[in-house]
Amino acid sequence: MIGTPRVPFVAGNWKMNLTRAESRELAGRIAAAGPEFGGSTIVLMPPFTALGDVAAALTGSDVALGAQDLFWEDRGAYTGEVSGPMLKDAGCAYVLVGHSERRQYFGETDATVGRKVRAALKAGLRPIVCVGEVLEEREAGRTTARIDDQLARGLDGFSRDEIERMIFAYEPVWAIGTGKTASPGQAEEVHAHIRRRLEEGYGKTTASCAIILYGGSVKPANSNPLFKEKNIDGFLVGGASLEAESFIGIVREALLAYREEK
Ligand code: PGA
């Protein structure tokens, strides 16, 4: 860890799962575990339909609400889209931008990522900006080149102040939902690379304070060794965030690593 030790930041991306009733129940169970979280930042990202229910279930807890995507305009004739001000109004503090599933299935590009990040910041949301390579890129030795491309194009034109309001998530696409986690060493290498790039672009303080999450088949069993790596500040969790026990277990293990090592 560079600079002062940071408590874990763990976000649960529920993707296209759970009814409103199921969402309330899961959020309620996670909120009830709050005293165990030891000051960690915990964010739940339900589908749009359940934002209101989860916001209500989290009232009075320290668990924050986030959304999985947003559109870059504030309002208007954009059928099917949801804007930053709408998410803010629904109680969100965070929003994912550029998740690999958005890039893969919905035509998200580095340019649209940039527009969405700008819209999120304008609405007072903290964007969690996702980057990551596909398997062919890793096998061809092009992992860091791909990450550099995504960062350079997606974050073109942002000020240091704006960069400091962002959170970064490294999610190797080959590790998402596949059960194949990047090894702590593989993840750390890319996290250290991202922090170096932030330092080159925006200076040491900005880089050392940046929160860089790892995502891709995170479970209670790998949370501890991953969090022990000095540049891994927390996790973006998909599948394992759909069960209260496994999500809470991930936070618990990360906290243990934090207390042991940092
Ligand atoms: P996973 O998903 O934990 O199911 O691999 C992570 C993500 O896509 O954010």
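The structure this text deals with has already been given above.
This part covers the pattern of salt bridges. Under the defined criterion, the tally for this structure stands at 20 salt bridges. A salt bridge links Glu101 to Lys15, with the shortest nitrogen-to-oxygen separation between them at 2.8 Å. Taken together, the residues span a long stretch of sequence, with Glu101 in helix α4 (residues 100-105) and Lys15 in the loop between β1 (9-13) and α1 (20-32) at a distance of 86 residues. Of the charged contacts, one joins Asp149 and Arg153 as a salt bridge, the two residues approaching to 3.6 Å between their closest N and O atoms. Placement of both Asp149 and Arg153 in helix α7 (residues 143-154) is noted, with a separation of 4 residues, approximately one turn of the helix. Classification of Asp149 as partly exposed rests on a relative accessible area of 30%. When salt bridges that share partners are traced, they join Arg103, Asp110, Glu137, Arg146, Asp149 and Arg153 into one network.

With that out of the way, let us pick up the site of the ligand. The local shell around the ligand holds 13 residues, among which Lys15, His99, Glu171, Gly177 and Ser217 are the closest. Here an oxygen atom of the ligand sits 2.7 Å away from a polar atom, N or O, in the main chain of Gly177. At 2.8 Å from an oxygen atom of the ligand is found a main-chain nitrogen or oxygen belonging to Gly238. When the ligand is considered free in solution it has 280 Å² of accessible area, and contact with the protein chains removes 96% of it. By residue class, the composition of the shell around the ligand is 4 nonpolar, 7 polar and 2 charged.

Okay, the packing of aromatic side chains next. The way to describe two aromatic rings as a pair is by their centre distance and the angle between their planes. Per the counting criterion, the structure on display carries 6 aromatic pairs. For the pair Phe9 and Tyr94, a centre-to-centre distance of 5.5 Å together with 85° between the ring planes defines the contact as edge-to-face. With Phe9 in strand β1 and Tyr94 in strand β4 (residues 94-97), the pair connects residues that are 85 residues apart, well separated along the chain. Of the two residues, Phe9 and Tyr94, both sit in the buried class. Seen in terms of ring centroids, Phe71 and Tyr78 are 5.0 Å apart; in terms of plane orientation they differ by 45°. Their pairing is tilted. Ring-pair connections join several aromatic residues into one group, and the members of that group are Phe71, Trp72 and Tyr78. A cation sits over an aromatic face here: Arg102 above Phe106, 4.1 Å from the ring centre.

This next bit is on helix α12 (residues 244-261). Spanning 18 residues, α12 covers 26 Å between terminal C-alpha atoms, matching the ideal 26 Å at 1.5 Å per step. Those residues of α12 not exposed but buried are Ala244, Ser246, Phe247, Ile248, Gly249, Ile250, Val251, Ala254, Leu255, Ala257 and Tyr258. Contacts made by the buried residues of α12 are with β1, α1, β2 (41-45), α11 (220-227) and β8 (234-237).

Soluble globular proteins tend to pack their nonpolar side chains together in the buried interior. In terms of nonpolar packing, the biggest core is built from 68 residues, with Phe168, Tyr214 and Phe235 touching the most fellow members. Tallying contributions element by element places α12 first for this core, with 9 residues. Every residue in contact with Phe235, bar those within four places of it in the chain, is listed here: Phe9, Val10, Ala11, Leu213, Tyr214, Val218, Ser223, Leu226, Phe227, Ile250 and Ala254. Of all hydrophobic cores here, the second largest spans 14 residues; its members include Met45, Ile167, Ala169 and Leu236.

With that out of the way, let us pick up the sheet that holds β4. Read around the barrel, 8 strands follow the order β1-β2-β3-β4-β5-β6-β7-β8 and close on themselves; strand pairing throughout is parallel. Ignoring strand direction, the axes of neighbouring strands in this sheet form an average angle of 25°. Relative to strand β3 (residues 64-67), β2 runs parallel, the two being bridged by 2 bridges. The residue of β3 that forms the bridge with Val43 is Ala64.

So, on to the pairing of strand β7 (residues 212-215). Because side chains alternate across β7, one face comprises the buried residues Ile212 and Tyr214, and the other comprises Leu213 and Gly215, equally buried. The pairing of strand β6 (residues 167-170) with β7 spans 3 bridges and is parallel. Along β7, the bridge assignment pairs Tyr170 with Tyr214. Bridge count between β7 and β8: 3 bridges; the pairing is parallel. Across the sheet, the residue bridging to Gly215 is Leu236, located in β8.

Once that is clear, we can look at α7. Taking 1.5 Å as the rise per residue, α7 with 12 residues should run 16 Å; its terminal C-alpha atoms sit 16 Å apart, in good agreement. Along α7, the residues classified as buried are Thr143, Arg146, Ile147, Gln150, Leu151 and Gly154. Within α7, the buried residues cover an arc of 130° as seen down the axis, which keeps them to one side. Structural note: α7 exposes Ala152 and Arg153 on the side pointing more than 90 degrees away from its buried face. Considering only its buried residues, α7 is in contact with α4, α5 (110-122), β5 (126-131), α6 (135-139), β6 and α9 (184-202).

Each value, and the rule that gives it
Residues numbered from 1 in each chain as written. Predicted model: local features only at pLDDT ≥ 70, side-chain atom pairs only at ≥ 80, totals over all residues. Heavy atoms only, no water. Salt bridge = Lys/Arg side-chain N within 4 Å of Asp/Glu carboxyl O. Helix = DSSP H or I, 4+ residues; strand = E, 2+ residues; numbered from the N terminus. Buried < 20%, exposed > 50% of the residue type's maximum accessible area, 1.4 Å probe, protein only. Near = heavy atom within 4 Å. Polar contact = N/O pair within 3.5 Å; in protein donor to acceptor, adjacent residues only side chain to side chain. Areas by Shrake-Rupley, 256 points an atom, 1.4 Å probe, with all protein chains shown as cover. Nonpolar A, V, L, I, M, F, W, Y, C, P; charged D, E, K, R; others polar. Phe/Tyr/Trp six-rings, centres within 6.5 Å; stacked < 30°, edge-to-face > 60°. Lys NZ or Arg CZ within 6 Å of the ring centre and 35° of its normal. Expected span 1.5 Å × (residues − 1). Contact = heavy atoms within 4.5 Å. Core = buried A, V, L, I, M, F, W, Y, C linked by side-chain atoms within 4.5 Å. Pairing = 2+ DSSP bridges. Axes fitted to C-alpha atoms, helices over the stretch in contact; angles between N-to-C directions. Arc of directions from axis to C-beta.

That's the geometry; what it means functionally is another story.
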